[in-house]
Amino acid sequence: MKVLVWNENRHEQTNKVVADIYPEGIHGAIASFLQDDEVTVKTTTLDEKEHGLKQELLDETDVLVWWGHQAHDEVDDVIVDRVKKRVLDGMGLVILHSAHFSKIFKSLMGTTCDLKWREASEKERLWVVDPSHPIVDGVGEYIELEKEEMYGEHFDVPTPDELIFISWFEGGEVFRSGLTYRRGKGKIFYFRPGHETYPTYYNPEVQKVIKNGVRWAKVTDNQTPTYGNAKALETISEKQ
Ligand code: ZN
């Protein structure tokens, strides 16, 4: 299985706090726990040619993991369309944290994807509300993060196919923080935590969820349906 971790990689260049937490970049941290005997991981970033999202690379990618925040607008629409086509054609997509506002996620959702937010280093407790789902294999009743950014409802996304986590925040808000969608042949998993100034992607349970999410979103070998005018499989009796 081939996974591509894409990161905007801007905070890491300009914010010492972020650079100290993620010396190899957020993409580097995510790649290091995704890589195993069954999973080959590549990483690319916004400032690379074609944002590191060339057609050939996307064509061989089973699942794309996306982290972005301050430079969503710098992602070229041509590249967004290219990624979207691959998702509709079956490539899995894992959208993390502030990538809720990425062009690719907004385009696939068709809504504003807006929400409430607050940076107050508050506690987040992510409650598992779908314990049978493969994305929460090996995860307990909840995941607790001592310090995170708050995201609060209402989250302006379409009703998800599956709701896997609901977060509670110390300040009182709640948030649907684990959602799945299907678009075309592609599977999409949105997972909320991962603000850049906290070491969230080192949390073993967060890592487990992202690993499971990547496996769940993996492209399937199902045949592409044939659309349009269809020849009858059986003889249709002539009716007067
Ligand atoms: Zn954030």
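Up top is the structure these notes are about.
Per chain, residues are indexed from 1 in the order of the written sequence. Per-residue local features of the predicted model are confined to residues with pLDDT of at least 70, and side-chain atom pairs are confined, for both listing and counting, to 80 or more; whole-chain, interface and lining totals are unaffected and use all residues. To obtain the side-chain values, all non-hydrogen atoms of the structure were used and water was disregarded.

Quick notes on unusual backbone geometry
Residues E153 and H154 are joined by a peptide bond in cis, for which omega reads 15°. Under the DSSP-based scheme used, a helix requires at least four consecutive residues in state H or I and a strand at least two consecutive residues in state E, with every element numbered from the N terminus. Its place among the elements puts H154 in the loop between β6 (142–152) and β7 (162–169). The backbone of N9 shows a phi angle near 60°, a positive value even though the residue is not glycine. If you trace the backbone, N9 turns up in the loop between β1 (2–7) and α1 (11–14). The phi torsion at H51 lies on the positive side, around 55°, for a residue other than glycine.

Describing the environment of E153
Structurally, the position occupied by E153 is in the loop between β6 and β7. Note: C-alpha distance between E153 and K116 (37 residues apart in sequence) is 6.4 Å. Setting aside its immediate chain neighbours within four residues, E153 contacts K116, V174, F175 and R176. The definition of a polar contact used here is a pair of N or O atoms within 3.5 Å, where within protein one atom must be able to donate a hydrogen and the other to accept one, and adjacent residues in sequence count solely through side-chain atom pairs. Within polar-contact distance, the side chain of E153 engages the backbone nitrogen of F155 at 2.8 Å. Two residues form a contact once any of their heavy atoms are found within 4.5 Å.

Brief notes about the packing of aromatic side chains
Pairing of aromatic side chains requires ring centres within 6.5 Å, counting the rings of Phe and Tyr and the six-membered ring of Trp. Pairs whose planes differ by under 30 degrees are stacked, by over 60 edge-to-face, and all others tilted. Evaluation of the coordinates by the stated rule reveals ten aromatic pairs. Measuring from centroid to centroid gives 5.7 Å for Y151 and F175, while their planes differ by 70°, and the two rings are edge-to-face. In this pair, Y151 sits in strand β6 while F175 sits in strand β8 (residues 174–183), placing the two residues 24 residues apart along the sequence. Consider the rings of F155 and Y190, whose centres lie 5.5 Å apart with planes at 55°: the pair is tilted. One end of the pair, F155, is in the loop between β6 and β7; the other, Y190, is in strand β9 (residues 186–191), and 35 residues separate them in sequence. Members of the aromatic cluster, connected to one another through ring pairs, are F105, Y151, F155, F175 and Y190. The positively charged end of R125 is found above the aromatic ring belonging to Y142, 5.7 Å away from the centroid. Consider the ring centre and the ring normal. A charge sits over the ring if Lys NZ or Arg CZ is within 6 Å of that centre and within 35 degrees of that normal.

Structural notes on the nonpolar core
If you look at the biggest cluster of nonpolar residues, it comprises 36 residues, and the most contacted ones within it are L34 and Y201. Contacts of L34, omitting those with residues within four sequence positions, involve V3, V5, V39, V41, V65, I210, K211 and V214. What we call a nonpolar core is a set of buried Ala, Val, Leu, Ile, Met, Phe, Trp, Tyr and Cys residues that are connected through their side-chain atoms within 4.5 Å. For each residue, the accessible area found with a 1.4 Å probe, counting protein chains only, is set against the maximum for its type, and the residue is called buried under 20%, exposed over 50%, and partly exposed in between. Counting residues in each nonpolar core, the second largest holds 34 residues, with L46, V83, L108 and M109 among its members.

Some words on the coordination of the zinc ion
Octahedral six-donor coordination of a metal ideally yields angles of 90 or 180 degrees, compared with 109.5 degrees for tetrahedral four-donor coordination. Water is not part of the atom set, so a site may look incomplete; the donors themselves are N, O and S atoms within 2.8 Å of the metal, or 3.2 Å for Na, K and Ca. Taken together, H97 (NE2), E149 (OE) and H195 (ND1) make up the protein donors of the zinc ion, found 2.0 to 2.1 Å from the metal. The sequence pattern describing where the donors of the zinc ion fall on their chain is H-x51-E-x45-H. On the criterion of sequence distance, the pair formed by E149 in strand β6 and H195 in the loop between β9 and α7 (204–217) is long-range, its members being 46 residues apart. Just as E149 is buried, H195 falls in that class too.

Some words on helix α5 (residues 77–88)
The span you would expect from a helix comes to 1.5 Å times its residue count less one. Over its twelve residues, α5 runs 16 Å from end to end, which matches the ideal 16 Å to within 8%, given 1.5 Å per residue. For α5, every residue scored as buried is listed here: I79, V80, R82, V83, R86 and V87. Here the buried residues of α5 occupy an arc of 160° about the axis, which is enough to place them on one side. Across from the buried face of α5, at angles greater than 90 degrees, the exposed residues are V78 and K85. On its buried face, α5 sits against α4 (55–59), β3 (63–67), β4 (92–96), α6 (103–109), β8 and β9. Put simply, D76 is the residue that caps the front of α5, since its side-chain oxygen is 2.9 Å from the backbone nitrogen of V78. A positive phi of about 125° marks G90, the residue just after α5. This arc is taken over the directions from the axis of the helix to the C-beta atoms.

In short, shape yes, function no, at least from these values alone.
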